[in-house]
Amino acid sequence: MSRVRSLGTLAAFIVLACGAAWGQSYPTKPVRVIIVFPPGGATDIVGRIVFQKVGEQLGHQFIIDNRPGASGTLGASIVAKSPPDGYTLMVYSTTLIANAHMYKKLPYDTMKDFIGLSPVAQLIGMLAVHPSMPVRGIKDLVALAKKRPGEISYGTAGVGAFQHLATSLFANMADIDIVYVPYKGGGPASIGTAAGEVQMILTPVSEVLPHLKAKRLRPIAVSSEKRTAQFPDTPTIGETVKGYEFTSWMGTFAPAGTPRAIAEKLNAELKKAVADPAVASNLSSQSLLPMHMTLDEFAKQMRVEYDRYAHIVKISGARIE
């Protein structure tokens, strides 16, 4: 073996050894977890529940840092530019992928500047209306929207957010004309709907649950393929609008270049966290289904979702210059 090859092999061995050592000792200080949407929304709820448990497991603080703005791109740009040492993480939804098809230019590369650690929760949407709306089901809503085109408005967390894409797909398949109204997050959008500022919202169940319990909103249908255990009497949108289904996930990410050993350790801790009975129960009570994938499985899923969202965004007509 040549001296050059020997040195190359030695260097590779040192890198691997260092990576393994970093993984074993990590973390040695508090970890910042950037949540790219405001407090109160589904992303925030999931991030706080899961990383509180991860912090307990590892014996170090995972400090939540909400950095909302521009459908999550502001927070994502911070993470993309952070040192890849495992001490800055991110919680984001599939909006991360949707944004890649909506923004003419982003301050990061969606598919290259992040390592997907694992999805941690699947989101199911609830279509809910303000109690003043004279509708009790999807058929009523569609009929009213056809009678009053362009008059019914719906709240969203911004262009390309879950609410926007899920509702645009619904409107397209139901052939109705309804008006999009953006808010600064899913939580504010749900509050605005409960206050009667807009007439309806299709958003993750967790964001409207308090308003449903207080009867400030009326549940109409869920966005999943099948009815949920939490709302067994609430039909799916697909029972009326054939073929409709829209669910999402909340994922955890690290900057590209983060040592594999650290990513693997975080993946393992996330798996333990979402399997914890208390965490799983807390998520499930809000129709957030615990979820986990290996690093390689999540990377493959990201590529599949990238193609899927290209189609959904095209239907929505969403575009941000």
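Residues numbered from 1 in each chain as written. Predicted model: local features only at pLDDT ≥ 70, side-chain atom pairs only at ≥ 80, totals over all residues. Heavy atoms only, no water.

All right, on to the overall build of the protein then. From N to C terminus, the protein includes 11 helices and 10 strands. Its C-alpha atoms give the protein a radius of gyration of 21 Å, within 12% of the compact-globule value 20 Å for 321 residues. Projected onto its principal axes, the C-alpha positions of the protein cover 80 × 40 × 30 Å. Going through the 321 residues of the protein one by one, you find that 55% of them count as buried. Counting contacts in the protein only where the partners sit at least 6 residues apart, residues at least 24 apart contribute 78% of the total. (Helix = DSSP H or I, 4+ residues; strand = E, 2+ residues; numbered from the N terminus. Rg over C-alpha atoms; globule rule 2.2 N^0.38 Å. Buried < 20%, exposed > 50% of the residue type's maximum accessible area, 1.4 Å probe, protein only. Contact = heavy atoms within 4.5 Å.)

With 22 residues, helix α11 (residues 295-316) ought to run about 32 Å at 1.5 Å a step, and its terminal C-alpha atoms sit 30 Å apart, in line with that. Along α11, the residues classified as buried are Leu295, Phe298, Met302, Glu305, Tyr309, Ile312, Val313 and Ser316. Tucked inside the fold, the buried residues of α11 contact α4 (95-102), β4 (114-129), α6 (162-174), β9 (247-255) and α9 (260-275). Where α11 terminates, the next one or two residues include glycine 317, which has phi positive at roughly 75°. (Expected span 1.5 Å × (residues − 1).)

According to the stated counting rule, one finds 11 aromatic pairs in the structure shown. Relative to tyrosine 92, the ring of phenylalanine 37 lies with its centre 5.8 Å away and its plane at 80°, an arrangement referred to as edge-to-face. A residue pair is termed long-range when its members are at least 10 positions apart, and phenylalanine 37 in the loop between β1 (31-35) and α2 (42-58) and tyrosine 92 in strand β3 (residues 88-93) qualify at 55 residues. Here phenylalanine 37 matches tyrosine 92 in class, with each residue buried. Connected via pairs of aromatic rings, a cluster forms that spans Tyr108, Phe114, Trp249, Phe253 and Phe298. It is lysine 29 that lies over the ring of tyrosine 87; its NZ or CZ is 4.7 Å from the centre. (Phe/Tyr/Trp six-rings, centres within 6.5 Å; stacked < 30°, edge-to-face > 60°. Lys NZ or Arg CZ within 6 Å of the ring centre and 35° of its normal.)

Moving on, we get to the environment of glycine 192. Tracing the backbone shows glycine 192 in helix α7 (residues 186-194). In this structure glycine 192 comes out as buried when scored by relative accessible area, which is 1%. Separated by 37 residues in the primary sequence, glycine 192 and glycine 155 place their C-alpha atoms 7.3 Å from one another. If we skip the residues at most four places from it in the chain, glycine 192 touches Tyr183, Glu197 and Val198.

Of all hydrophobic cores here, the largest spans 86 residues; its most connected members are Phe62, Leu127 and Phe170. Here this core takes eight residues from α2, the largest share from any one element. Setting aside its immediate chain neighbours within four residues, leucine 127 contacts Ile138, Leu141, Phe170, Met200, Ile201, Leu202, Arg218, Pro219, Ile220, Ala221 and Ile237. Counting residues in each nonpolar core, the second largest holds 15 residues, with Ile124, Met126, Val208 and Leu209 among its members. (Core = buried A, V, L, I, M, F, W, Y, C linked by side-chain atoms within 4.5 Å.)

Within the secondary structure, lysine 105 is located in the loop between α4 and β4. We classify lysine 105 as exposed; its relative accessible area is 71%. For the pair lysine 105 and glutamate 305, spaced 200 residues apart in sequence, the C-alpha separation works out to 19 Å.

Strand β8 (residues 218-222) sits mainly inside the fold: four of its five residues count as buried. Of the pairings in the sheet, the one linking β4 to β8 comprises four bridges and is antiparallel in character. Bridged to alanine 128 within β8 is proline 219. (Pairing = 2+ DSSP bridges.)

The next point concerns the pattern of salt bridges. Following the criterion strictly, the structure yields 12 salt bridges and no others. Glutamate 151 is paired through a salt bridge with arginine 148; the nearest N and O atoms lie 3.3 Å apart. In this structure arginine 148 comes out as partly exposed when scored by relative accessible area, which is 28%. The network of salt bridges with shared partners includes Arg32, Asp65 and Arg67. (Salt bridge = Lys/Arg side-chain N within 4 Å of Asp/Glu carboxyl O.)

A word on the packing of α2 against helix α10 (residues 277-284). Contact geometry of α2 with α10 gives a least axis separation of 10 Å together with a crossing angle of 175°. Of the possible angle classes, the one that applies to α2 and α10 is roughly antiparallel. For the pair α2 and α10, contact is made by Val46, Ile49 and Lys53 and by Val279, Asn282 and Leu283, respectively. Taken together, the residues of the contact of α2 with α10 break down into four nonpolar, one polar and one charged. (Axes fitted to C-alpha atoms, helices over the stretch in contact; angles between N-to-C directions. Parallel < 35°, antiparallel > 145°, perpendicular 65-115°, else oblique. Nonpolar A, V, L, I, M, F, W, Y, C, P; charged D, E, K, R; others polar.)

Between α6 and α11, the least distance of the axes is 9 Å, while the angle of their chain directions is 65°. Put simply, α6 runs roughly perpendicular to α11. For α6 against α11, the interelement crossing comes out left-handed. On the side of α6, the interface is formed by Leu165, Ser168, Leu169 and Asn172, while α11 contributes Tyr309, Ile312, Val313, Ile315 and Ser316. (Left-handed = near helix turned anticlockwise from the far one by under 90°.)

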